[in-house]
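Read off the chains here:
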Amino acid sequence: MASSGLSKRSNGYLGVTEPISWSGPTEFDITKTQELEKYLADAGLYESQEGAVSREEVLGRLDQIVKVWVRKVSRAKGFNEQFVQEANAKIFTFGSYRLGVHGPGADIDTLCVGPRHATREEDFFTELHNMLAEMPEVTELHPVPDAHVPVMKFKFNGVSIDLLYAKLSLWVIPEDLDISQDSILQNADEQTVRSLNGCRVTDQILRLVPNIQNFRTTLRCMRFWAKRRGVYSNVAGFLGGINWALLVARICQLYPNALPSMLVSRFFRVYTQWRWPNPVMLCDIEEGTLGLSVWDPRKNFKDRLHQMPIITPAYPSMNSSYNVSSSTLRVMTDEFQRGHVICEEMEANKADWSKLFEPYPFFEAYKHYLEIDITAANEDDLRKWKGWVESRLRTLTLKIERHTFGMLQCHPHPGDFSDKSRLFHCCYFMGLQRKQGVPVNEGEQFDIRVTVEDFKHSVGMYTLWKPGMEIQVSHIKRRNVPSFVFPSGIRPSRPPKAAVSEGHTVSKIKSSSSVQAGKPSDTLAGSGDTTPHMAEDSSTTKLLAAGILIGDQVVEGSERCSPITMTSSSASSLCTKEAEGSAINLVGNANGILNVTIESRKRKHEEDTDSNSIDAKRLASAKPPESVGMAASGIIAAEDPGNCTSSLCSKEAEALAIKKITSGSPTNLASLPEGLDELELFELHGQDKDFGGVASGCSVVSSAAKDAPMQVGKLHDSSKNGGIEELEVKVVLCCESNW
């Protein structure tokens, strides 16, 4: 069945709206694209011919293995020899390899499609697993059968493979099987539908972009940028490969004749203005004929909680970015803004590509961090323990957000680090800061002891827990970040404190109530005495800027955080800003998509409230998204010579078109009620479920945590401050108990 997005070809464009601009490249665009391609090549993002051949050989060998496996399974289940010889399984690829944007050393996402009598549990994760384990060319074999999308991970001749399994209702799998047909999902279980989704989505993306080569170069650029800026990680609550592919594909639809340099610039321009949680979609959502659930916040309560919906184009359409939290969305929107500013500077010849790809200085951006250390008895246990803990880290972010009512924001680092002086060790970090732009109270603190113990308890439910698998959560300050997280183990020198520096927004910090070193914890929650106390140690004569409870001691903290703010470009386009400032309040469904309004979220500015409030009576007469006439949406072709003749008018028109696409008032949704938050939904879905109790030998709740009250938000309110300048984040954390 053809996609609704593909049907737009008869209208002359792909996607759910007309393009913003049909303009082709200028000489400037051609030059900048050549510079970009050279930069990406010099960065080593392209695989060598030898590497490409090696991957093809591995895939061919893997296809042979699964064919032998399915015949072995068929014979073991008593089928006659003729049937055994006809039995077949087939390997498909998806992800970055299928999209053509993989780099050297990247893993290959693969899917094994098998017949109805080859089961996932007994045959795939047992029989095929055992076959692979006996092969000398297979290493680091790690099955994850309980994952949301069950997967078998391993290396084959040094090439990393992620292998999924889809059991179809067919007795024999034909060699020319077309998995893009919806009929392939007939009578498929949920795991099979999810496993097939990767291949089906990847193929559909390639069909829905106007120029595949420009799409690939732009996507390769954005993937590299996201990794350099620390926002490439689905498991950490940012965006993964498929999410970035969908975002880039939408920009390609909106600027079908643009070269990669312009597509990168417009990527930041559009998504800086995007009003989340309005969804990004490449084509209309189809209900289908198989009764499978599709993303629809009008019907599905869980869909209303999604912060940054990026919808997959293949049936059944799903939100591919459900892991994004309010904290990680904040980080990404800040990065979009930074990218937009730099692209404007490049247009004015005041910056180059290297500035855009500067690494994010994570360990300079915050004053407070959480350090999560994990250890195990051996390398194999550490790999399993690490995979489990990584899958749970998102819940720590959600728990902190919920238990502090969104006032304490987390920025998880997407990578992991290892102290080489410790055997079988790995650690993760999260930056902490107070929510920006809200009134604060002098001396306000956050007690997250119970929150941390709750997280550790959920991690302790790991069914494969073994002695030696331990986790420790510590609060550290920036000056105490371990040196092994820095390149070559050398801590960089601190830059001079300035009003403006790189990083996400962190307001200036005032000194508040100080605490003497070694004082008991009740000093933190004193009776309101705001008289500064000087530290007894002459080396710490500064006013203490933080009171951090670690066990029964209060640890001093005198370091002040350099204010880190987003720079505004002097080269910003004046006409674009004027156009945005004078743009009328466009109403109506701008792009025929499901615009989501969530009243329970407090992210949006108060001035947006009225436009987001929808009369429930309009829902009855609203057309479903697939039936909305796109041609009548009134999108302005920014570069139409009939519309204007000046550059100013052109940019104004483009700004209005972007505003209309990203900020349309939702006319096809009723107001959504408040309800469960993300964390409760996460737990209801069974991803935070009890796996049979705490593993033997695993003590998860310390006595300090048991006695600690559930205190969140304000613990010590010595004086009121009606301003919005950020005070220091004070974190009260439980003592570290290893288990």
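What counts, and where the lines are drawn
Residues numbered from 1 in each chain as written. Predicted model: local features only at pLDDT ≥ 70, side-chain atom pairs only at ≥ 80, totals over all residues. Heavy atoms only, no water. UniProt positions renumbered as here; feature names shortened; annotations may be inferred. Axes fitted to C-alpha atoms, helices over the stretch in contact; angles between N-to-C directions. Helix = DSSP H or I, 4+ residues; strand = E, 2+ residues; numbered from the N terminus. Parallel < 35°, antiparallel > 145°, perpendicular 65-115°, else oblique. Contact = heavy atoms within 4.5 Å. Nonpolar A, V, L, I, M, F, W, Y, C, P; charged D, E, K, R; others polar. Pairing = 2+ DSSP bridges. Left-handed = near helix turned anticlockwise from the far one by under 90°.

- Naming follows an unreviewed UniProt entry, where the protein appears as polynucleotide adenylyltransferase of Phoenix dactylifera.
- In its Subcellular location (unreviewed entry) section, the UniProt entry covering the protein states "Nucleus".
- UniProt annotates the protein under Sequence similarities (unreviewed entry) with the comment "Belongs to the poly(A) polymerase family."

### So, the packing of helix H8 (residues 241-254) against helix H9 (residues 260-273)
Part 1 of the reasoning: One can describe the packing of H8 onto H9 by two numbers: an axis separation of 10 Å at closest approach and a directional angle of 100°. By the angle class used here, H8 and H9 are roughly perpendicular. Across the interface between the two elements, Trp244, Leu247, Val248, Arg250, Ile251 and Cys252 of H8 pack against Leu263, Arg266, Phe267, Val270 and Tyr271 of H9.
Part 2 of the reasoning: Residue classes in the contact of H8 with H9 are distributed as 9 nonpolar, no polar and 2 charged.

### As for the sheet that holds strand E4 (residues 151-156)
Part 1 of the reasoning: One open sheet accounts for 5 strands, arranged E1-E2-E5-E4-E3; its pairing is mixed. One side of each edge strand has no neighbouring strand; the edge strands of this open sheet are strand E1 (90-94) and strand E3 (138-144). Taking each pair of neighbouring strands and ignoring which way they run, the sheet shows an average axis angle of 25°.
Part 2 of the reasoning: Note: E1 against strand E2 (residues 108-114), 5 bridges, orientation antiparallel. The residue bridging Phe92 from the neighbouring strand is Leu111, located in E2.
Part 3 of the reasoning: Across the sheet, helix H2 (residues 49-76) touches E1, E2, E4 and strand E5 (159-167), and the angle it forms with E5 is around 35°.

### Concerning the packing of helix H7 (residues 212-228) against H8
Part 1 of the reasoning: The contact between H7 and H8 brings their axes to 9 Å, and the two run at 135°. Taken as axis vectors, H7 and H8 run oblique relative to one another. You can see that H7 and H8 cross each other, and the crossing is right-handed. Residues Phe215, Thr218, Leu219, Met222, Arg223, Trp225 and Ala226 of H7 form the contact with H8, whose own contacting residues are Gly241, Trp244, Ala245, Val248, Ala249 and Cys252.

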